[in-house]
Structures are given as structure tokens and as C-alpha cells.
Amino acid sequence: MNPLRLFHKSFDHGVHPAHLKEQTCDLPMQRVPFVKEYLMPLGQNLGAPSKSIVQIGQRVRKGELIAEAAAFVSTTLHSPVTGTIKEIGDFRNFDGNFVPAIKIEADIYATQQSDAGNPIEWQSLSIDEFIQEVQNAGIVGMGGAAFPTHVKFAIPEGKKIRYLLINGAECEPYLTNDHRLMIERPEDLLMGAEIVRQKLGAEETVIGVEKNKPEAIAALRQHIKPGDPVRLVPLHVKYPQGAEKMIIKTIFNREVPAGQLPRDVEVNVNNVSTVVAIADYFERGRPLIERIVTVSGPGITYPANLIVPLGTPVRELLRFCGGLTDATQEVIMGGPMMGRPIATLDSPITKGSSGILAFTAAETSRRKEYPCISCGRCVEACPYFLNPARLARLSRARLFDEMVNYNVMDCVECGCCTFACPSAIPIVQLIRTGKDDLRTRKETPA
Ligand code: SF4
Ligand code: SF4
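Everything quoted here is computed from the prediction, not taken from an experiment.

**Student:** Give a description of the pairing of strand β13 (residues 290-296) that names residues and reports values.
**Tutor:** Counting buried residues in β13 gives seven out of seven residues, a clear majority hidden from the surface. What you see with β13 is no split at all: Glu290, Ile292, Thr294 and Ser296 on one side and Arg291, Val293 and Val295 on the other are buried throughout. Sheet analysis places β13 next to strand β14 (residues 304-309), joined by six bridges and oriented antiparallel. Looking across to β14, one finds that isoleucine 292 is bridged to isoleucine 307.

**Student:** A description of the packing of helix α3 (residues 177-184) against helix α5 (residues 214-223) should follow, citing residues and the corresponding values.
**Tutor:** Axis separation between α3 and α5 bottoms out at 8 Å; the angle between their running directions is 30°. Classified by the angle their axes make, α3 and α5 are roughly parallel. Handedness of the α3/α5 crossing: left-handed. Residues His179, Met182 and Ile183 of α3 form the contact with α5, whose participating residues are Glu215, Ala216, Ala219 and Leu220. Tallied by class, residues from the contact of α3 with α5 come to five nonpolar, one polar and one charged.

**Student:** Provide a residue-level description of the domain arrangement of the chain, including the pertinent values.
**Tutor:** Domain annotation for the chain reports domain 1 (129-284) and domain 2 (377-443). On a C-alpha basis, the centroid separation for the pair domain 1 and domain 2 is 29 Å. Across the contact, six residues belong to domain 1 and five residues belong to domain 2. Roughly 460 Å² is buried in total at the junction of domain 1 and domain 2, and carbon and sulfur atoms are behind 70% of that figure. If you sort the residues of domain 1 by the area they bury against domain 2, Tyr239, Pro240 and Met246 come out on top, with a joint share of 66%. Scanning the region where domain 1 abuts domain 2 turns up zero salt bridges. At the surface where domain 1 touches domain 2, the tally comes to one residue pair in polar contact (both at pLDDT 80 or more). Class assignment of the residues belonging to the side of domain 1 that touches domain 2 gives a composition of five nonpolar, no polar and one charged.

**Student:** I'd like a rundown of the sheet that holds strand β6 (residues 77-78), residues and numbers included.
**Tutor:** On the basis of which strands lie adjacent, the open sheet formed by three strands has the order β3-β5-β6 and antiparallel pairing. Here the strands that pair on one side only, and so sit at the sheet edges, are β3 (51-52) and β6. As judged from the two bridges shared by β3 and strand β5 (residues 65-68), these two strands associate in the antiparallel manner. The partner of serine 52 across the bridge, within β5, is alanine 67.

**Student:** How would you sum up the packing of aromatic side chains? Please name residues and give values.
**Tutor:** Counted under the stated rule, the structure contains six aromatic pairs. Taking 5.4 Å as the distance between ring centres and 50° as the angle between the ring planes, the aromatic pair formed by tyrosine 174 and phenylalanine 359 counts as tilted. Note that tyrosine 174 is positioned in the loop between β9 (163-168) and α3 and phenylalanine 359 in strand β17 (residues 355-360), a separation of 185 residues in sequence. Residues tyrosine 174 and phenylalanine 359 agree in their burial class; the two are buried. Their ring planes at 85° and their centres at 5.2 Å tell us that tyrosine 281 and phenylalanine 282 sit as a pair that is edge-to-face. Residue classification places tyrosine 281 among the buried positions, given a relative accessible area of 10%. Residue classification places phenylalanine 282 among the buried positions, given a relative accessible area of 0%. Feature note: the residues Phe130, Phe153, Tyr281 and Phe282 constitute an aromatic cluster, connected by ring pairs.

**Student:** Got a sec to walk through the nonpolar core? Specific residues and values, please.
**Tutor:** If you look at the biggest cluster of nonpolar residues, it comprises 56 residues, and the most contacted ones within it are Ile207 and Phe282. Ranked by residues supplied to this core, first place goes to helix α7 (residues 272-284) with seven residues. With near-sequence residues (within four places) excluded, isoleucine 207 lies in contact with Ile166, Leu189, Leu190, Leu220, Val230, Arg231, Leu232 and Val233. Phe11, Tyr384, Ala392 and Phe400 belong to the second-largest nonpolar core, a separate cluster that totals 23 residues.

Rules and cut-offs
- Residues numbered from 1 in each chain as written.
- Chains lettered and ligands numbered in written order.
- Predicted model: local features only at pLDDT ≥ 70, side-chain atom pairs only at ≥ 80, totals over all residues.
- Heavy atoms only, no water.
- Buried < 20%, exposed > 50% of the residue type's maximum accessible area, 1.4 Å probe, protein only.
- Helix = DSSP H or I, 4+ residues; strand = E, 2+ residues; numbered from the N terminus.
- Pairing = 2+ DSSP bridges.
- Axes fitted to C-alpha atoms, helices over the stretch in contact; angles between N-to-C directions.
- Parallel < 35°, antiparallel > 145°, perpendicular 65-115°, else oblique.
- Left-handed = near helix turned anticlockwise from the far one by under 90°.
- Contact = heavy atoms within 4.5 Å.
- Nonpolar A, V, L, I, M, F, W, Y, C, P; charged D, E, K, R; others polar.
- Domains from an automatic or database assignment.
- Buried area = accessible area lost by both parts, 1.4 Å probe.
- Salt bridge = Lys/Arg side-chain N within 4 Å of Asp/Glu carboxyl O.
- Polar contact = N/O pair within 3.5 Å; in protein donor to acceptor, adjacent residues only side chain to side chain.
- Phe/Tyr/Trp six-rings, centres within 6.5 Å; stacked < 30°, edge-to-face > 60°.
- Core = buried A, V, L, I, M, F, W, Y, C linked by side-chain atoms within 4.5 Å.

Okay, here's the thing in C-alpha cells:
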């Protein structure tokens, strides 16, 4: 790989949606009060769901293991509160589907302070022991993908990691949870990064932050000492720069070919929240039991950046933020480009929940759809060099198998094509339909 260059261009294609971060970017993180019940879905990560190890009626302490990893590509769950296991069964998730989960009733008399955990002597751990500890901590990619982090650290024989890339792009409009974490916990971020850098044997840590977060850039700069193997790279603002392959292209000018991973170009990428979670575990013995969530959008009375115990119902966050305005039409989980509508406000915050956004008719009303005029704007917008117009046409004709010939599975559902389309064709939704059909048929034996 070429030596690192500060590549002031960007990845190819992509779009420039309005940032819309001003509602929350200056709001310090605040802790939500504890509530009565918490719901911990067993499948909070990509890969195999965790396996419950608790019984109904069992008392659990905050931070205690309640579900273990079911496979290597799986992770653990810990109780977000001190309380009692109330139910184990199927509950409705944010997308409306029933998923297995553990319901915990919080103990109203408990202090809900975490037991002081013991720091872990990470310097002396072998790489395999380190990977095992990251799995024990239940840490996943917290930018939204929720891929188990320990799996990313398992570098196959013959490969090496030269750069640890910390992803502080936070390119989705509205979301500012990573922004606030960089401002308020820069030392922990740098500590977590240094732990990972040393354990992976990387030469340097590179932190990429979009230039619309000047306070975050300043806070990190202030804490990087001369001689530290850390480089901070301010990035032009562009969506979807937070996608791993895009931020690698921007910073290193390297393409990660379809079907390959960042490690194939000697890079390991982690989101800022994930790296802070690593510092929390190794420096304080605290597993992943809470996360920062941005609650924003025109339908929220008092937008906020909240420190939320996992399992807290969305309804409680909205209540804490003064509730929804009467004009609210839709609540979504995640950012406006890749997020999904929430089917029930009783669904819980999980490890991948970066934001809860409430939209009014102005943001949700569907533009009138017109026929495709073959303008090519969707093709120009697609950062994965797909032909979204063709994929949408095939999906509409239910020619799902043919979509495979046009690399539909490389689509990351970033929504750039839909954003760019002057005919208001719901391209990404059509592509999603095709992908869902292909996946379902693959999983269901004929
Ligand atoms: S949603 Fe898929 S097809 Fe559309 S721009 Fe993103 S990657 Fe390309
Ligand atoms: S942007 Fe819309 S109108 Fe233009 S080619 Fe793509 S689908 Fe057709």
C-alpha cells in the first residue's frame, strides 16, 4: 500500500443532503432516568443471536451477563439495569416483526450504579485473548451496522493491518451522537483507539471527521500529543462517507473491491462509539450496556443527545424529550437516509440504534412519482457503481433473479439513488424488495 496521503478529494459519486444537525449538535449528552422495564432482543448484532442464560424470576445486577455468544459471529448481552428477569419470549421489534427477547423489570430500590469493574490488563493479552475479551464485552459496530467487533479483529494468517481508521464521519443528516462523543470524551476515544492499534499491530491510527464538526476536530486535536501515532483528517462533507469503503477511498485513495474487506487493503475501520466502548471495557471493566442516541427531527418537542441504557423503550425517550408534536407523522430508527420507520414505540433501543427521528408531513409526504426519464442521475449518485434505474425496473417487473446479474447484493441501501431521482421513483425501496425476496428464497428450502 502507498504511504498514507492526506487525500483531500473524496470517494466517487455520492450526494449532498442538507446536514440538519443544528437542532442537537450543541446539546451536551444527558443521561435518561431509569424506567420500569427493559427489553433486550437476543439478536442485536449481525450474525447468530445470543443465547439466553437466565431464568424468569432471576435477580440480575447491572452489567451481569444475561446471554452468551452462540457462535463466533455472535456476541454477548449484559443486563442494562439491576432488576429481575420478568419474561423471556417473543416481542415485537421496531420493524414490527416478533423477535426473541429478555424482559427485565428494574429494581426501583437499587441505586442503578454500575459495580465498579476491574480494568483489564490488555497489554499482556495475546491477540486471541483480546478478541475473546471484546466478544465477552458484547461490543458491536455502533455506527448502525452492529457487526460484532471481535470478528473484525480476527485477521487471517498472512494479512496485516497497517492503519486503524476511526470513522467519525457521521454523514447521516440530523445525527450528532458521535459528534458529541468526540467533543465530550476525546481522551477515551484516543485510549480505545490506542488499545486496538497496539493489539492489531497497526502502524498508525487515522481519525476521519467531516468538516461540519469543527468542535469535534478541535477537541481531538487538543488531546493528540506530538509524537502520538495518530493523525486527524478533516473530510469534505459528503454522503455516504461513513460507509467503510467510502471513507477508505477518501483517506487512502484505495478501492476495496466488491466481495473484499477493508483488511484486504491493510485497514481496520471502527466507529468512534465502538472505540469508546472498548476503552470503557478495558479501562473500567464496563461491558456494552448503554449507548448515545440522538433524538431529533421537527416532530420532537425538545431534541437531545441521550445516554441510554440498552433496552429502554423508544416511547420513554420521546417522553423524556417532551413528547411528539401534533404534526408528527412518522418516527424512524437511525438516520433519514438509511433508517427505517418504527412500527411500535414500545420497541427498545439496541446496540445499533444511533438515532430516533420524528418527522412531520413536510419530511414524509411522498412526492408525486413520474416515469423514468433516463437522466442517469441515480447512476451518477451510486457510490457502488450500480445501475439503480435498471435494478428498480427489474424489481417492479418482479424479475428478482435477473437483478443478481446486475450485482443487486452489492447495494448497501444508502438511498443516494432515491435522493437524486428527479422523478421521485422509490428506487431503494424497490431494490430492497428484490433483495428481501432473494434472501428469503435462499433461506427457505424449496
Ligand atoms: S441504494 Fe444501492 S443502488 Fe442506490 S445508490 Fe445506494 S448502493 Fe447504489
Ligand atoms: S434518476 Fe430517476 S429518472 Fe433518472 S434515470 Fe434514475 S430512475 Fe430514471
